[in-house]
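Each chain, written out:
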Amino acid sequence: MKEGNIQKITDYLSMYDLEKYFPGSYKDKLQLFSFTEGEDLFVPGEKLDRLYFLVEGKIKIYTLTPEGQSLINRFKKPLAVIGDVEYVKESKVLNSVEAVSPGEMIGFPYAALKELEKEHPSILRFLLEMVAHKFYTEAHFTSMHMLYPVDVRLAGYLLSISSAGEGTAFHQEMRTSNLSELAEWIGTSYRHLNRVLKKMEADGIIERARGSIMITNLAQLRQLAKGNIYE
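Residue numbering note: each chain is counted from 1, following its sequence as written. Only residues with pLDDT of at least 70 get local features here, since the model is predicted, and only at 80 or more are side-chain atom pairs given and counted; chain-wide, interface and lining totals rely on the full set of residues. To obtain the side-chain values, all non-hydrogen atoms of the structure were included, while hydrogens and water were left out.

Enquirer: For the packing of helix H6 (residues 179-186) against helix H7 (residues 190-202), give the residues involved together with the corresponding values.
Expert: Each axis is a line fitted through C-alpha atoms, taken for helices only over the stretch in contact, and angles between the N-to-C directions span 0 to 180 degrees. Strands here mean DSSP runs of E at least two residues long; helices mean DSSP runs of H or I at least four residues long; both are numbered from the N terminus. One can describe the packing of H6 onto H7 by two numbers: an axis separation of 9 Å at closest approach and a directional angle of 95 degrees. Taken together, the axes of H6 and H7 lie roughly perpendicular to each other. Of the residues in H7, those in contact with Leu 179, Ser 180, Leu 182, Ala 183 and Ile 186 of H6 are Tyr 190, Leu 193, Asn 194 and Leu 197. Partitioning the contact of H6 with H7 into residue classes produces seven nonpolar, two polar and no charged. In this scheme, roughly parallel covers angles under 35 degrees and roughly antiparallel covers those over 145, while 65 to 115 is roughly perpendicular and the rest are oblique. We call two residues in contact when some of their heavy atoms are within 4.5 Å. Each residue gets one of three labels, nonpolar for Ala, Val, Leu, Ile, Met, Phe, Trp, Tyr, Cys and Pro, charged for Asp, Glu, Lys and Arg, and polar for the others, Gly among them.

Structure representation (structure tokens):
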């Protein structure tokens, strides 16, 4: 990540109602970092030294299997927090984090956070809400895999990797070489996943070309997903 324009920090704080958590001189300790699509942001075993707020763009969090396959855990969009669990547990990064689109994060040093939590306990309530949300989404994903058929799960996945859910979007995640990994993650076979994709194409929801998938009917895809999305 590259350090971005600090003038934009104030705008982001206002946009996401974060000013109240960083009073006085604490605001001066915030830094803005920009990233590009496909960039590896954090890797397992890395020791973080700051809390990150995702304020623009989308990221994916995934795990690598012993065989080298990537299993996606979830996607995150603003306002998401990275490094809260690592801060509380004083642990290293557990999963890989990659940028799905260009974007920006605001960073706040852990050392300053320790001081801030003593003087302004409201930041602790904010972090508690963020951690609780992560547990809630994990439980939701588990229920989704148990209760919904493959077409619903796949629709939710496609919505998750779309670019802000606006119009049509090409999905590099869906290259043929990744379909086996996706089938395993969704909890189905490669053959059945292909059947579901063919039906979606026949129904006019998607188009497949050159190893990628394009959403052609976003409204119908959302209807198929039944409100479920991997975020």
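Enquirer: With reference to specific residues and values, describe the pattern of salt bridges.
Expert: The salt bridge criterion pairs a side-chain nitrogen of Lys or Arg with a carboxyl oxygen of Asp or Glu, the two atoms within 4 Å. Counted under the stated rule, the structure contains six salt bridges. Across the pair Asp 17 and Lys 20 runs a salt bridge, and its minimum N-O distance is 3.2 Å. In this structure, the salt-bridge partner of Asp 203 is Lys 199, at a minimum N-O distance of 2.8 Å. Assessed through its relative accessible area of 36%, Asp 203 is described here as partly exposed. Buried, partly exposed and exposed residues are distinguished by accessible area as a fraction of the type maximum, computed with a 1.4 Å probe on protein chains only: under 20%, between the cut-offs, and over 50%, respectively.

Enquirer: Account for the pairing of strand S4 (residues 50-56), with residues named and values stated.
Expert: For S4, a buried count of six out of seven residues is recorded, marking the element as mostly surrounded by other parts of the structure. Criterion used throughout: strands pair if DSSP finds at least two bridges between them. Relative to strand S9 (residues 103-109), S4 runs antiparallel, the two being bridged by six bridges. Its bridge partner lying in S9, Leu 51 is registered against Phe 108. Bridging between S4 and strand S7 (residues 80-82) involves three bridges; their strand directions are antiparallel.

Enquirer: So what about the packing of aromatic side chains? Which residues, and what values?
Expert: Here is the rule: rings of Phe, Tyr and Trp (six-membered ring for Trp) pair when centre to centre is within 6.5 Å. Planes less than 30 degrees apart are stacked, more than 60 are edge-to-face, and the remainder are tilted. Counted under the stated rule, the structure contains seven aromatic pairs. Centre to centre, the rings of Tyr 21 and Phe 126 are 4.9 Å apart; their planes meet at 40 degrees, and the pair counts as tilted. Of this pair, Tyr 21 sits in the loop between helix H1 (7-15) and strand S2 (31-35) while Phe 126 sits in helix H4 (residues 122-147), and the two are 105 residues apart along the sequence. Each member of the pair Tyr 21 and Phe 126 is classed as buried.

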